Amino acid sequence: MLTEAIELTLFPGMMAFAASSDLLTMTIANRVSLILITGFAVLALLSGMSGMELLSHLGAAALVLAVAFCCFACGWIGGGDAKLAAVTALWLGFGHLFDYLVYASLLGGALTLLIVQFRNYPLPRLLTGQEWAERLHQENAGVPYGIALAAAALLVYPQTQWMMAPSL
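Treat the numbers as computed from the prediction; the structure is a model and nothing was measured.

Draft legend 1. Geometry of the side chain of Asp22. Relative to the helices and strands, Asp22 is located in helix H1 (residues 2-25). Arg135 is the oppositely charged side chain nearest to the buried, salt-bridge-free Asp22, at an N-O distance of 8.4 Å. Beyond its immediate stretch of four places on either side in the chain, Asp22 contacts Thr27, Ile28, Asp81, Pro144, Tyr145, Gly146 and Ile147.

Draft legend 2. How the structure looks around the nonpolar core. With 34 residues, the main nonpolar core has Leu36, Leu84, Trp91 and Tyr100 as its most contacted residues. Those elements giving two or more residues to this core turn out to be H1, helix H2 (30-47), helix H3 (51-73), helix H4 (79-92), helix H5 (94-120) and helix H7 (146-156). The dominant element in this core, judged by the number of residues it contributes, is H4, at 8 residues. Not counting chain neighbours up to four residues away, the residues in contact with Trp91 comprise Ile6, Leu10, Phe11, Leu36, Gly39, Phe40, Leu43, His57, Tyr157 and Trp162.

Draft legend 3. Focus on the packing of H4 against H7. One can describe the packing of H4 onto H7 by two numbers: an axis separation of 10 Å at closest approach and a directional angle of 10 degrees. Here H4 is positioned roughly parallel relative to H7, judged by the angle of their axes. Residues Asp81, Leu84, Ala85, Thr88 and Leu92 of H4 form the contact with H7, whose participating residues are Gly146, Leu149, Ala150, Ala153 and Val156. When grouped by side-chain class, the residues that make up the contact of H4 with H7 number 7 nonpolar, 2 polar and 1 charged.

The rules behind each value
- By convention here, each chain's residues receive numbers from 1 onward along its written sequence.
- In keeping with the predicted nature of the model, local features appear solely for residues at pLDDT of at least 70, side-chain atom pairs appear and are counted solely at 80 or more, and the whole-chain, interface and lining totals rest on all residues.
- Values reported for side chains reflect all heavy atoms of the structure, with hydrogen atoms and water molecules removed beforehand.
- A run of DSSP states H or I qualifies as a helix once it reaches four residues; a run of E qualifies as a strand once it reaches two. Both are numbered from the N-terminal end.
- Buried means the residue's accessible area, taken with a 1.4 Å probe over protein chains only, is under 20% of the maximum for its type, while exposed means over 50%, and partly exposed covers the values in between.
- Here Asp and Glu are counted as negative and Lys and Arg as positive; His is not counted, and neither are the chain ends.
- We count a salt bridge whenever a side-chain nitrogen from Lys or Arg sits within 4 Å of a carboxyl oxygen from Asp or Glu.
- We call two residues in contact whenever any of their non-hydrogen atoms come within 4.5 Å of each other.
- Nonpolar cores were defined as sets of buried Ala, Val, Leu, Ile, Met, Phe, Trp, Tyr and Cys residues, with membership established by side-chain atoms within 4.5 Å.
- Between N-to-C directions, angles span 0 to 180 degrees; the directions come from axes that are lines fitted to C-alpha atoms, helices contributing only their stretch in contact.
- Comment on the angle field: the value is read as roughly parallel under 35 degrees, roughly antiparallel over 145, roughly perpendicular from 65 to 115, and oblique elsewhere.
- Side-chain classes follow a simple rule in which Ala, Val, Leu, Ile, Met, Phe, Trp, Tyr, Cys and Pro form the nonpolar group, Asp, Glu, Lys and Arg form the charged group, and the remainder, Gly included, forms the polar group.

Here's what the structure looks like:
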């Protein structure tokens, strides 16, 4: 029962939290990554994940973290985005990593285009005074790419071992 509760709620809930946090504050707190790492470790133990499979998931996370860290160092993405991508790769493993990266790229491109368009027009009155909207509307502000990363993760997650488990 505990395993199913974690599988069904933790990852999707944390992805939704990361996306909304990035939209509203342009940050993804470290606790998001720490909670997801801890949740993965608990699930790996409870599900009896083999050592080789665990190493594969850790390898996927390490690879994504290395690439994302380089992107962060170049100023292309934020640190929270890099950590979110890596911890998502930990949960998805190599088996679903390609799909995740394709979705994240496509959704990130679409998000960027939408925000560029949003910034080309005056801020709607309804959003005036809303700190998050005014921040998002500034030309020199970044793009809350965590939204795309989380959405991509939620698109791929139903095909993972966590959701395809025979106990469900």
